[in-house]
Every structure is written in structure tokens, then in C-alpha cells.
Amino acid sequence: MPCLESFLDSTADVSVSPPNEDRGMKWLIFLPLFSLLGGCSYVSGFVRAQTPRSLFERGYFAEMAADEGYPARRASDGVRVSRDVTYWNAGTSKDQRAFMLDVVAPTAESQSPRPIVVFAHGGGLNAGAKDDETHVNANLAIALAQRGYLVLNINHRLAAEAPHPAQAQDMAAAVRWAMDQGAAYGGDPQRIVLGGFSSGGYLAALLAGDPRYVQAAGVTPTRIRAVFAISGFFDLKDLSQSFLVKKFIVEPAFGTDRAAWETASPSTYADAHWPPTLLLSAARDRSASPQSSALCTQLQRAGVACRHVVVPASRHATAIAHLGSERATASFDGLVEFLDRHTAGR
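The numbers attached to residues start from 1 for each chain and follow its sequence in the written order. Side-chain atom pairs in this predicted model are given and counted only at pLDDT of 80 or more, local residue features only at pLDDT of at least 70, and totals for whole chains, interfaces and linings cover all residues. To get the side-chain values, all heavy atoms of the structure are used, and hydrogens and water are removed first.

Caption draft 1: Spatial organisation of the packing of helix α6 (residues 166-181) against helix α7 (residues 199-209). Note on geometry: axes are lines fitted to C-alpha atoms, helical ones only across the stretch in contact, with angles between N-to-C directions running from 0 to 180 degrees. A helix here means a DSSP run of H or I that spans at least four residues, while a strand means a run of E at least two residues long, and both kinds are numbered starting from the N terminus. Interhelical geometry of α6 versus α7 gives an angle of 75° and a closest axis separation of 10 Å. In terms of orientation, α6 and α7 fall into the roughly perpendicular class. Of α7, the residues touching α6 (which contributes Q167, A168, M171, A172 and V175) are L203, A204, L206 and L207. Polar here means any residue outside two lists: the nonpolar Ala, Val, Leu, Ile, Met, Phe, Trp, Tyr, Cys and Pro, and the charged Asp, Glu, Lys and Arg; Gly therefore counts as polar. Partitioning the contact of α6 with α7 into residue classes produces eight nonpolar, one polar and no charged. In what follows, roughly perpendicular refers to angles from 65 to 115 degrees, roughly parallel to angles under 35, roughly antiparallel to angles over 145, and oblique to any angle outside these ranges. Here a residue-residue contact requires only that any non-hydrogen atoms of the pair lie within 4.5 Å.

Laid out in C-alpha cells, this is it:
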């Protein structure tokens with residue numbers, strides 16, 4: 001998320017002057033915003049984002065478009081897509097598409113069932129969709145399917161309607177669907193991978209770290225063979241050091257109770273029970289990259305196989321776009337090698 005991300009980074013350590021100091025100093029906090037909005041393509045991206053959208057959601061898509069523009073759709077050679085499959089009939093939402101997923105499967109025959117990747121989109125838990133106009137989620141799903149994986153590209157409820165833990169419950173329900181229905185699409189319910197981008201990476205890590213979500217959905221945690229997150233966040237207290245992130249992402253989804261933030265943070269559960277983990281972050285991401293590094297260190301100390309990979313020449317929002325294209329071949333090959341190694345065998 002180039003422009004807003006840069007603004008959040010630039011204001012993270014800026015505090016408002018106490019009442020006995022010059023009140024004019026308070027306005028210094030806005031100077032980075034003025035310069036950024038005047039010097040980048042964020043405003044153009046905001047205007048071009050498809051409507052109707054909430055202010056937050058328009059801002060999210062604007063950031064996706066501002067730095068490099070939306071990537072082109074990836075050619076789906078060798079892949080078939082079953083769109084808008086309902087994965088949870090028990091869930092309730094005003095958005096009829098909240099409990100839908102796309103099944104992205106290789107067309108080539110396989111002698112054995114394929115590992116299943118359950119993948120969640122980004123958007124701060126309050127924006128985005130599996131098949132939004134950025135194409136990034138669909139492109140990555142196609143890229144993984146072309147390398148032999150059955151990918152479930154999922155939607156979930158958004159926090160404006162249903163705050164945490166609704167999104168974690170939704171992803172757990174999608175994992176249960178993979179267990180029950182994945183074989184019908186050529187998948188192996190015994191080899192499930194959790195993955196996601198940004199807030200979707202947070203969800204994947206939370207389900208890996210706190211097994212109560214998948215257990216409540218009737219899934220044995222040992223079915224989860226690996227987890228990966230792209231530009232994910234894992235420590236809500238640390239994330240909330242930025243005032244704007246706290247007000248526009250953390251508090252709307254998780255409330256204001258700091259103890260609840262700790263309970264909802266994947267880093268709280270970094271222990272030996274985690275499956276092997278790959279955390280990918282952008283070269284120019286001063287929020288998600290340190291969190292990825294910190295979580296990986298915690299997991300390694302607990303004896304978990306974890307690797308942190310930096311996607312070169314990318315920002316928070318463009319790391320996934322590069323992985324789903326030809327712009328980060330080495331990083332994508334590393335992701336596939338990780339998945340191959342930890343899903344091998346039945």
C-alpha cells in the first residue's frame with residue numbers, strides 16, 4: 001500500500017505536543033500527508049477505484065493502483081476455475097458472496113490427490129475480495145495451480161458487519177469445506193495449507209497458531225501441513241503504534257481492549273505446535289516486514305521450521321502482485337519449493 005503505507009510509517013513515531021507547548025506544533029503531524037498526496041498517484045487511484053465503495057475500501061484499492069497500477073489478469077493455461085462455490089451454509093451475512101470461494105485446479109491429471117491451499121485475501125479485514133479488480137488473489141491462485149496445487153481462493157465477512165472473530169471462523173469453515181469437499185476437485189484433505197495476503201496472512205497465521213478455530217469447525221489441526229503469509233501482520237499491539245492503523249484497522253475489527261488484541265495476535269501463540277511457516281514481505285514495507293522477522297524468530301526458537309523471505313523491489317500491496325506475475329520468479333519458486341517440501345507424501 002504505497003502512499004498510505006508511507007504516511008503511516010512517517011507518522012508512527014510522531015506525537016502531539018502537550019497542552020503547554022506551542023499548539024501550532026500539532027499540525028506537523030499532517031505535513032507528511034500533504035506532501036505525499038501532492039507527490040504520488042494515490043488520488044488518481046482513489047478516483048479510479050470502482051464504485052460504490054466505503055471510504056476505507058476505496059482507499060485500499062487506490063493504494064493497490066497508485067504505485068504500479070493493477071496487474072493484468074494472469075493467463076489461466078492449464079487451469080480450470082469453479083467460481084462462487086458456497087463453503088458455509090450455516091453462516092449469516094448481508095453479503096451473499098461472503099461465504100463463497102473459487103476453486104482453482106490444474107487440468108492435468110495427477111496420479112495422487114493434490115495438496116489444498118486455502119487462501120484469504122487482504123484488505124484490513126474490512127475490504128477486498130477473492131476476485132476484486134486488482135486480480136492479485138486470482139493471479140496468485142492461478143500461479144499456484146499451474147504448479148500443481150488445488151487452491152481455494154476464499155471470501156469472508158468484513159469487519160464493518162461482523163468484527164473479529166468472524167473472519168477467523170469463516171476461514172476455518174473454508175478449511176472444513178476443503179476437508180469435506182476437496183477430494184471431489186482432486187484435492188487431498190490430509191494435506192491442507194493455509195495462506196493469505198496482508199490481513200489474509202494474519203488469518204492464516206492465527207488459525208495455525210490458535211488451533212481452537214479449526215477445532216471448532218471439526219478439523220484436526222494435524223491436517224494443516226504448512227502456512228504462508230504475504231505482507232502479513234501478527235502483533236496487534238505493535239501494529240497499533242500507528243494512530244491511523246489503530247483507528248482504521250485494529251479498533252474497527254478488534255475493539256479497544258488491549259488484552260483482546262493480545263488474544264487475537266498470532267504472535268501470542270508462537271510455539272512448537274505450529275506447522276512449518278513461510279513469511280514473505282515486501283522490500284519496502286516498514287510494518288509487515290519487521291513483524292514477519294519477529295514472528296519467524298519466535299517460531300525458530302520454539303523449534304518450528306520458519307523462513308522469512310523478502311520480495312525484492314516491492315511494497316506492501318505489490319509483493320503479492322509480483323509473486324503472481326513474472327516479476328519475482330525467485331521468490332515464487334521459493335514459495336513453491338517450501339510447499340512441495342512440506343506437503344510431500346500423504
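Read on for the rest.
Caption draft 2: Just the sheet that holds strand β6 (residues 224-230), in detail. A pair of strands is treated as paired once DSSP finds two or more bridges between them. Strand order in the open sheet made by the eight strands is β1-β2-β4-β3-β5-β6-β7-β8, with mixed pairing throughout. The open sheet has two edge strands with one neighbour each: β1 (79-86) and β8 (306-315). Looking at each pair of strands side by side, their axes are set apart by 20° on average, direction ignored. By the bridge criterion, six bridges tie strand β5 (residues 187-197) to β6 in an arrangement that is parallel. Within β6, the position partnered with G195 by the bridge is F228.

Caption draft 3: Molecular detail of the pattern of salt bridges. For this document, the term salt bridge refers to a Lys or Arg side-chain nitrogen within 4 Å of an Asp or Glu carboxyl oxygen. A complete count under the given rule lists 15 salt bridges for this structure. One salt bridge connects D180 with R176, and the closest N-O pair in it is separated by 2.8 Å. Of this pair, D180 and R176 both sit in helix α6, four residues apart, roughly one helical turn. For D180, a relative accessible area of 43% gives the class partly exposed. Owing to a relative accessible area of 30%, R176 belongs among the partly exposed residues under this scheme. Each member of the salt-bridge network shares a partner with another, and the members are D84, R97, D102, K130 and D131. We call a residue buried when its accessible area falls under 20% of the maximum for its residue type, exposed when it is over 50%, and partly exposed in between, using a 1.4 Å probe and counting protein chains only.

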